[in-house]
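So the chains spell out like this:
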Amino acid sequence: MKLEYTPEQDAFRAEVRAWMEANVPSGPLPSFDLTREGFEAHRDWERKLSEGRWGMVTWPEAYGGRALDLIRWLIFEEEYYRAKAPTRVNQNGIFLLGPTMMEFGTEDQKARFLPRMAAGDDIWAQAWSEPGAGSDLAGVRATATRDGDHYILNGQKTWSSRAVFADWAFGLFREPGSERHKGMSLILFPLDAPGVTRRPIQRMDGKMVFAELFLDNVRVPVADRLGDEGQGWHVCMATAGFERGLMLRSPARYQVAASNLLTLYENNKNSLPASVAERVAQSWMDADAYALSIYSTASRLTAGGSIGPESSTNKIFWSEMDIALHQTALDILGDRAELAPPDLGTTAVDWLEDYIFALAGPIYAGSNEIQRNIIAERMLGLPRA
Amino acid sequence: MQFAFDEDQLAMTDAARVMLVETCTPADLRHLLERNEAWDEARWNAIRDMGLVAMLAPEDAGGLELAPVDLVGIAEAAGYVGLPEPLVEQAGIVVPLLASLADDRGWIERVIRGEVVAVGHPANPFVADADTAGAFILPHGAELHLVEREQVSLTLRHSVDTFRRLFTVDWSPSPETMVGSDWGQTADRGALFTAAQLIGLGQRAIDLAVAYAKDRTQFGKPIGSYQAVKHLIASAQVKIEFARPVVHAAAAELPLDTFASRARVAHAKIAAGDAADLATRTAVQVYGAMGMTREADVHFFLKRTLALRYAWGTAFDHRATVIERLNTRPTGPDMTFASRVPA
């Protein structure tokens, strides 16, 4: 066990830090969930990242990456968040679809999609959930009917994040008449294809984080199916593993939030009881515990291990930690907590918005109730109901 | 950067764990309890023969001169079995303390051979293992005194955990008994290895709860098939999962002896104590009324957890250390490891 960075890792950190200092926009970009302009500003940032070959650092060089190991990925993420670089508009693509495609995609698919994904040329939305299929994803009803070398897609998708402005989506579709986990395929489709209608869904803060997608006889080449026909469930579960576990949630995100919370407390502590320091310290400890756990998992994976149902513990931990941290911030703000910008004044952190986002943590990426079932059944061996 | 145990560490820990699990079953604990004893000579000999007590001792004293991180998994295993004998205390706390003295008066070798030295650190007014000790290290102001058994008188203080033999110690300091004036990292080692035991205790409570929930039926089904029970146990497991790496990091970073490494130990003690508390209380809940009895095994682990949460510094003490670290040292994603934080 060696909890010190190597000189090479330190040098890598310095390289990332220098690039971020020279390139990260000085102020926050406009939201990518409100206007096309905001969305395109983020696409420009993805392109700039890609020019520096920082688009997806763990990917093979052939697809625009740097083939870095997970420890260097963590260092990259630490510097990314430390520099307050913009949230990745393409996270559905680079963190979920990308790794899945690396595992299940054909050479042709990898060459066609991955470099454009890393470069921000294609921004991806996910199209998994349906009105009748959330946690019970096997209840998907949307169909893919084979027609020679094409599929005809029909049905309705919902909670498709980024789908309001994104270029492409990936979704689960079933062979007509098939049931449950059988007969499903993971299919990639352009969101501007004839027959696709998008209806933005406003989140409670007014942002169009999600869209409903209505698919009416959308024609897609069979070559745009990821994985084997009828094997969509298997492919999709691999993606869910990436989503719940290591890949989606960098520890750095919470460590930065904890540092911001410390600053907020520091600036307000004269009007607060000393006991508040304990809650602030708890948030910092939790963020550091999460980072240590991810480093330990990364070390294990780098040595050839694999991630199993313990990724469900990650998901529960970060989602609950995130809510507690932001709740503490709102408690510190006190009677100002309910104020939305611009009435809150110019603060570096919009605690209210981040709190509202944190509330979704236990819901998305597999609800925490489902994660607890996974821990109980697959990790601890308790019987199924 | 490598946050994983190496093969030697895993092999040694596995061997120790297997021995402890085989020789210290709940049935073994019950036999001791019936005899009102807290010591099994055969088990202690097995522990000693394996060289576990000597792990952190200097080579010239016959030790292996290993680091705290080499012992942390074994301390976890000792917690897992609810070990009554003071392996963790002797190997993790007493031996390094004796090694830090200018003159240990021959006690390191005697401890490695199986004798016991009890420590009266100011953090713990009640001295554990005093009735089996051949000598004591006791505080007098800032001074440390090494006192032989016949120079003290002991008064038993009953712990909730009958395997924890606590005593108040009456003694008189003299120039002859004084051996030092610096506890060094003793308090950190005490908190660290106690935290490691708490992780083991918590995991054992969960494993007991899982086994019981598979076996016990209500309304015609095992209670472990009910989501309400599953979620209780899963929540406790999450808490353990995110305390364990903190304890392991604290062990690896302890030799740095910086403020950040001390704060990590404090964090480890808080996190492990909270996790073991939730896990043992959850186990009692899963056992239902049986969990409140001495007939179910869970009480051994609940009571040890109760005791160890308050040994080597309370959560209040350790939180104060963490808060001071936050007030005086930088935080952020590039400051995860104590080696990065300014001393």
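Relevant structure appears above.
Residues numbered from 1 in each chain as written. Chains lettered and ligands numbered in written order. Predicted model: local features only at pLDDT ≥ 70, side-chain atom pairs only at ≥ 80, totals over all residues. Heavy atoms only, no water.

Enquirer: I'd like a rundown of the overall build of chain A, residues and numbers included.
Expert: When its secondary structure is counted, chain A shows 11 helices and 8 strands. Compactness check: chain A gives a C-alpha radius of gyration of 21 Å against a globular reference of 21 Å for 385 residues, within 12% of the reference. Projecting the C-alpha coordinates of chain A onto the three principal axes gives extents of approximately 70 × 50 × 45 Å. Within chain A, the fraction of its 385 residues that count as buried is 57%. Across chain A, every contact between residues at least 6 apart in sequence was considered, and the portion connecting residues at least 24 apart equals 73%. Measuring between centres, the 40 positive side-chain charges of chain A sit 2 Å from its 52 negative side-chain charges. (Helix = DSSP H or I, 4+ residues; strand = E, 2+ residues; numbered from the N terminus. Rg over C-alpha atoms; globule rule 2.2 N^0.38 Å. Buried < 20%, exposed > 50% of the residue type's maximum accessible area, 1.4 Å probe, protein only. Contact = heavy atoms within 4.5 Å. Lys, Arg positive; Asp, Glu negative; His and termini not counted. Charge placed at Lys NZ, Arg CZ, Asp CG, Glu CD.)

Enquirer: If you had to explain the overall build of chain B to someone new, which residues and values would you point to?
Expert: Within chain B, the secondary structure is distributed over 12 helices and 9 strands. Here the C-alpha atoms of chain B give a radius of gyration of 20 Å, agreeing with the 20 Å that 2.2 N^0.38 yields for 343 residues. Considering only C-alpha atoms, chain B reaches an extent of 70 × 55 × 35 Å along its principal axes. Of all intrachain contacts in chain B linking residues separated by at least 6 positions in sequence, the fraction that spans at least 24 positions is 69%. Charged side chains of chain B number 32 positive and 44 negative; the gap between the two group centres comes to 9 Å.

Enquirer: Mind laying out the interface of chain B and chain A, listing which residues take part and the relevant values?
Expert: Listed by partner, the interface residues are 49 residues for chain B and 52 residues for chain A. Between chain B and chain A the total buried area reaches about 4,600 Å² when both faces are included, carbon and sulfur atoms providing 68% of it. Among the residues chain B hides against chain A, the three largest losses belong to Met 1, Phe 242 and Pro 333 of chain B. Together they make up 18% of the total. At the junction of chain B and chain A, the tally comes to 6 salt bridges. The shortest N-O distance in the salt bridge between Arg 340 of chain B and Asp 10 of chain A comes to 3.0 Å. Taken together, chain B and chain A are joined by 19 residue pairs in polar contact (both at pLDDT 80 or more). (Buried area = accessible area lost by both parts, 1.4 Å probe. Salt bridge = Lys/Arg side-chain N within 4 Å of Asp/Glu carboxyl O. Polar contact = N/O pair within 3.5 Å; in protein donor to acceptor, adjacent residues only side chain to side chain.)

Enquirer: Describe the pattern of salt bridges, naming the residues involved and giving the relevant values.
Expert: The final tally for this structure, using the stated rule, is 49 salt bridges over all chains. Arg 203 of chain A serves as the salt-bridge partner of Asp 205 of chain A, at 2.7 Å between the closest nitrogen and oxygen. For Asp 205 of chain A, a relative accessible area of 31% translates into the label partly exposed. According to the relative accessible area criterion, Arg 203 of chain A is buried, its value standing at 17%. Put simply, Asp 161 of chain B and Arg 304 of chain B hold a salt bridge, and the shortest N to O gap is 2.3 Å. With Asp 161 of chain B in the loop between β5 (153-158) and β6 (165-170) and Arg 304 of chain B in helix α11 (residues 298-309), this residue pair connects regions lying 143 residues apart in the sequence. A single burial state applies to Asp 161 of chain B and to Arg 304 of chain B, both of which are buried. Among the charged side chains, a network of salt bridges with common partners joins Arg 13, Arg 17, Glu 78, Glu 79 and Arg 82 of chain A together with Asp 334 of chain B.

Enquirer: Report on the sheet that holds strand β7 (residues 178-180) of chain B, specifying residues and quantitative values.
Expert: Residue and element names in this part refer to chain B. The strand order across the open sheet formed by 4 strands is β1-β3-β4-β7, and the pairing between neighbours is mixed. Looking at strand neighbours, the two that pair on one side only are β1 (117-119) and β7, the edges of this open sheet. Across this sheet, the average inter-strand angle for adjacent strands is 35°, counted without regard to direction. Strand direction decides the pairing type here: β1 and strand β3 (residues 135-140), joined by 3 bridges, are parallel. Of the residues in β3, the one forming a bridge with Val 117 is Ala 135. Packing against the sheet, helix α5 (residues 87-100) makes contact with β1, β3 and β4 (143-148), and its axis sits at approximately 90° to β1. (Pairing = 2+ DSSP bridges. Axes fitted to C-alpha atoms, helices over the stretch in contact; angles between N-to-C directions.)

Enquirer: Talk me through the packing of helix α8 (residues 227-241) of chain B against helix α10 (residues 259-287) of chain B; I want residue IDs and the actual numbers.
Expert: Residue and element names in this part refer to chain B. The N-to-C vectors of α8 and α10 enclose an angle of 160°; their axes lie 8 Å apart at closest approach. Here α10 runs roughly antiparallel to α8, going by the angle between their axes. Where α8 crosses over α10, the two elements pack in a sense that is left-handed. In this structure, α8 contributes Val 229, Leu 232, Ile 233, Ser 235, Ala 236, Lys 239 and Ile 240 to the contact, and α10 contributes Asp 274, Ala 275, Ala 276, Leu 278, Ala 279, Thr 282, Gln 285 and Val 286. Of the residues belonging to the contact of α8 with α10, the class tally is 10 nonpolar, 3 polar and 2 charged. (Parallel < 35°, antiparallel > 145°, perpendicular 65-115°, else oblique. Left-handed = near helix turned anticlockwise from the far one by under 90°. Nonpolar A, V, L, I, M, F, W, Y, C, P; charged D, E, K, R; others polar.)

Enquirer: Could you give an account of the environment of Asp 331 of chain A, with specific residues and numbers?
Expert: All names here are of chain A. Mapped onto the elements of the fold, Asp 331 is located in helix α9 (residues 311-333). Given a relative accessible area of 44%, Asp 331 falls into the partly exposed group. Residues Asp 331 and Ala 133, spaced 198 residues apart in sequence, show a C-alpha to C-alpha distance of 36 Å.

Enquirer: Could you give an account of the nonpolar core, naming the residues involved and the relevant values?
Expert: Ranked by size, the top nonpolar core spans 203 residues in total, and within it Met 20 of chain A together with Phe 136 and Ile 233 of chain B carry the most contacts. The greatest single-element share of this core, amounting to 15 residues, is contributed by helix α7 (residues 186-215) of chain B. Aside from chain neighbours lying at most four places away, what touches Ile 233 of chain B is Leu 380 and Leu 382 of chain A together with Ile 206, Ala 209, Val 210, Ala 213, Thr 282 and Val 286 of chain B. By size, the runner-up hydrophobic cluster in this structure holds 28 residues, among which are Ala 142, Ala 166, Ala 211 and Val 222 of chain A. (Core = buried A, V, L, I, M, F, W, Y, C linked by side-chain atoms within 4.5 Å.)

Enquirer: Help me get a handle on the packing of aromatic side chains, residues and values and all.
Expert: Residue and element names in this part refer to chain A. The full count for this structure, using the stated rule, is 29 aromatic pairs over all chains. Seen from their ring centres, Trp 159 and Phe 210 are 5.6 Å apart, and the 80° between their planes marks the pair as edge-to-face. Placement of Trp 159 in strand β3 (residues 150-161) and of Phe 210 in strand β7 (residues 210-221) is noted, with a sequence separation of 51 residues between them. Exposure remark for Trp 159: the relative accessible area of 49% places this residue in the partly exposed category. Since its relative accessible area comes to 22%, Phe 210 is described here as partly exposed. (Phe/Tyr/Trp six-rings, centres within 6.5 Å; stacked < 30°, edge-to-face > 60°.)

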